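Here is how the chains run, residue by residue.
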Amino acid sequence: MEAGCGVGAQTVHLPAASAGVLLTAADLSAQSLAAARARVAAKAPAADVTWHQGDLHRLPFRDGAFDHVFLCFVLEHLPDPEAGLAALRRVLRPGGTITVIDGDHGSAFFHPQTPAARRTIERGRRGNQARRRMRTRLPGRELPVDLMPSSSGRPVPGR
Ligand SMILES: C[S@@+](CC[C@H](N)C(=O)[O-])C[C@H]1O[C@@H](n2cnc3c(N)ncnc32)[C@H](O)[C@@H]1O
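The sections below set out a description of the structure shown in this document.

Criteria and cut-off values
Residues numbered from 1 in each chain as written. Predicted model: local features only at pLDDT ≥ 70, side-chain atom pairs only at ≥ 80, totals over all residues. Heavy atoms only, no water. Helix = DSSP H or I, 4+ residues; strand = E, 2+ residues; numbered from the N terminus. Buried < 20%, exposed > 50% of the residue type's maximum accessible area, 1.4 Å probe, protein only. Lys, Arg positive; Asp, Glu negative; His and termini not counted. Salt bridge = Lys/Arg side-chain N within 4 Å of Asp/Glu carboxyl O. Polar contact = N/O pair within 3.5 Å; in protein donor to acceptor, adjacent residues only side chain to side chain. Contact = heavy atoms within 4.5 Å. Pairing = 2+ DSSP bridges. Right-handed = clockwise from strand over helix to strand, strands pointing away. Core = buried A, V, L, I, M, F, W, Y, C linked by side-chain atoms within 4.5 Å. Near = heavy atom within 4 Å. Areas by Shrake-Rupley, 256 points an atom, 1.4 Å probe, with all protein chains shown as cover. Expected span 1.5 Å × (residues − 1). Arc of directions from axis to C-beta.

As for the side chain of E2
Part 1: Considering the arrangement of structural elements, one finds E2 in strand β1 (residues 2–3).
Part 2: For the buried E2, no salt bridge exists, and the shortest N-O distance to an oppositely charged side chain is 10.0 Å, to R39.
Part 3: Within the structure, the side chain of E2 is placed 2.6 Å from the side chain of T11, a separation counted as a polar contact.
Part 4: Discounting residues that sit within four places of it in the chain, E2 has contacts with Q10, T11, L14, L23, T24, A25, A26 and F70.

Thoughts on the pairing of strand β2 (residues 22–27)
Part 1: For β2, the tally of buried residues reaches five of six residues, placing the bulk of the element in the interior.
Part 2: Sheet topology note: the β1/β2 ladder contains two bridges and is parallel. Across the sheet, residue A3 finds its bridge partner in β2, namely A26.
Part 3: The pairing of β2 with strand β3 (residues 48–53) spans six bridges and is classified as parallel. The residue bridging L23 from the neighbouring strand is V49, located in β3.
Part 4: Read from β2 through helix α2 (residues 30–43) to β3, the crossover connection turns out right-handed.

So, the environment of H57
Part 1: With respect to the helices and strands, the residue H57 is situated in the loop between β3 and β4 (66–72).
Part 2: Residue H57 is classed as partly exposed on the basis of its relative accessible area, which comes to 31%.
Part 3: C-alpha of H57 to C-alpha of L85: the two residues are 28 residues apart in sequence and 8.5 Å apart in space.
Part 4: Not counting residues within four places of it along the chain, the set of residues in contact with H57 comprises L78, D80, A83, G84 and A87.

Side note on the nonpolar core
Buried together is how nonpolar side chains tend to be arranged in soluble globular proteins.
Part 1: Judged by nonpolar contacts, the single largest core of 15 residues is most densely connected at M1, A3, L56, L59, V69, L71 and L88.
Part 2: Contributing elements (two or more residues each) for this core: β4 and α3 (81–90).
Part 3: Here this core takes three residues from β4, the largest share from any one element.
Part 4: With near-sequence residues (within four places) excluded, L59 lies in contact with M1, A26, H52, L88, R90 and V91.
Part 5: Ranked by size, the runner-up nonpolar core spans 13 residues in total, among them C5, W51, F70 and C72.

Quick word on the side chain of T24
Part 1: Mapped onto the elements of the fold, T24 is located in strand β2.
Part 2: On the accessibility criterion, T24 (9% relative accessible area) is buried.
Part 3: What T24 contacts, discounting residues up to four positions off in sequence, is M1, E2, T50, F61 and F66.

Section: the site of the ligand
Part 1: Around the ligand, 16 residues are found, and the nearest of them are G4, Q10, D27, D55 and C72.
Part 2: A distance of 2.7 Å is found between a nitrogen atom of the ligand and a backbone nitrogen or oxygen belonging to G4.
Part 3: Q10 is positioned with one of its side-chain polar atoms (N or O) 2.9 Å from an oxygen atom of the ligand.
Part 4: Here the ligand loses 80% of its free accessible area of 590 Å² to cover by the protein chains.

With respect to α2
Part 1: Its 14 residues give α2 an end-to-end C-alpha distance of 20 Å, which sits within 8% of 20 Å, the value for a rise of 1.5 Å per residue.
Part 2: For α2, every residue scored as buried is listed here: S32, L33, A36 and V40. The buried residues of α2 occupy an angular sector of 100° when the element is viewed end-on, so they sit on one face. Facing away from the buried side of α2, by more than 90 degrees, are the exposed residues Q31, A41 and A42.
Part 3: Taken together, the buried residues of α2 touch β2 and β3.

What follows is the structure, given as structure tokens:
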């Protein structure tokens with residue numbers, strides 16, 4: 001299952017990487033889903049994709065429905081990435097796997113480096129953290145490590 005598939009930029013590649021996969025692609029945005037569907041139809045017409053429009057925190061799938069969850073550039077858009085991951089873990093089968101790709105905004109690089117640019121990104125991070133009581137605004141760098149112990153028996157470090 002791909003959560004937050006957007007306009008399908010990654011969706012088109014997933015069937016090629018996993019031959020015969022039965023893929024469910026979900027996104028909040030009906031407009032993006034329509035674009036994703038068109039993209040997959042054009043670029044990967046043989047792909048077997050079920051499309052779902054809805055919030056990844058409330059997916060209408062049974063517990064453990066999926067072997068693998070894939071999400072790319074989604075956590076950074078969630079007010080509480082840990083809650084999003086926990087909701088996705090529910091639909092992941094015990095022992096299933098998850099691929100998380102996210103931006104590492106902690107490595108933001110400006111050229112020329114200016115105090116104003118640095119202040120802006122720092123202010124955004126601190127503001128978001130305080131407002132949303134989040135452990136991190138850098139999910140691409142600091143994926144919470146204690147999310148998966150009950151599915152695999154051991155913590156999964158963010159890499
Ligand atoms: C930056 S886009 C990434 C799209 C795609 N994964 C990619 O790599 O091109 C983030 C996507 O997450 C979706 N999204 C954000 N919050 C969501 C939520 N709560 N449930 C489902 N999708 C969500 C947005 O609609 C958007 O399509």
